[in-house]
Amino acid sequence: MQESSFFECLDEYFEETKGKELYQRGARETAIKNLFGVLAFRFDGLAVRAIRPTLEGIQDLQRLEELHQEALSAETLESFTHALRMNGDEQ
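It should be emphasised that the depicted structure is a prediction, and the values quoted were computed from it without experimental measurement. (Residues numbered from 1 in each chain as written. Predicted model: local features only at pLDDT ≥ 70, side-chain atom pairs only at ≥ 80, totals over all residues. Heavy atoms only, no water.)

Some points on the overall build of the protein chain
Reasoning step 1: Per the secondary structure count, the protein chain includes 4 helices and 0 strands.
Reasoning step 2: Secondary structure elements of the protein chain, listed N to C terminal, follow the sequence α-α-α-α.
Reasoning step 3: Long-range pairs, those at least 24 residues apart, make up 66% of the contacts in the protein chain between residues at least 6 apart in sequence.
Reasoning step 4: Carbon and sulfur atoms provide 53% of the accessible area of the protein chain, an area that totals close to 6,700 Å². (Helix = DSSP H or I, 4+ residues; strand = E, 2+ residues; numbered from the N terminus. Contact = heavy atoms within 4.5 Å. Areas by Shrake-Rupley, 256 points an atom, 1.4 Å probe, with all protein chains shown as cover.)

As structure tokens, this is what we get:
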């Protein structure tokens, strides 16, 4: 029995959506890893670990990329956490 084009389209849609979800998840995990790496390299690792749950709670990939840039240029960890709080990311 041959599948109808409706089911073929539906199957393709789910495959596309699943692929996008996996890409977004992977990109987000990589962004968090990179952000955490920069912070741990530049600042006290113990203090950085304290904000890791906050970073892991951020879902917006663009926001994580912005924070990565902030981590590269922040003078201190306190200035980075200030930027984190300014956008309501810190709990």
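Some remarks on the confidence of the model for the protein chain
Reasoning step 1: Averaged over all residues, the pLDDT of the protein chain equals 86, while 87% of them reach at least 70.
Reasoning step 2: Here helix α1 (residues 5-42) stands out as the element of the protein chain with the lowest mean pLDDT, 84, in contrast to helix α3 (residues 61-73), whose mean of 95 is the highest. (pLDDT = per-residue confidence, 0-100.)

Things to note about the packing of helix α2 (residues 45-56) against helix α4 (residues 77-86)
A pair of packed helices can be characterised by two numbers: the angle between their axes and the separation between those axes.
Reasoning step 1: Between α2 and α4, the shortest axis-to-axis distance is 12 Å and the interhelical angle comes to 15°. By the criterion of interaxial angle, the relationship of α2 to α4 is roughly parallel. The crossing of α2 and α4 is left-handed. Of α4, the residues touching α2 (which contributes Ala47, Val48, Ile51, Thr54 and Leu55) are Leu77, Phe80, Thr81 and Leu84.
Reasoning step 2: Within the contact of α2 with α4, the residues separate by chemical class into 7 nonpolar, 2 polar and no charged. (Axes fitted to C-alpha atoms, helices over the stretch in contact; angles between N-to-C directions. Parallel < 35°, antiparallel > 145°, perpendicular 65-115°, else oblique. Left-handed = near helix turned anticlockwise from the far one by under 90°. Nonpolar A, V, L, I, M, F, W, Y, C, P; charged D, E, K, R; others polar.)

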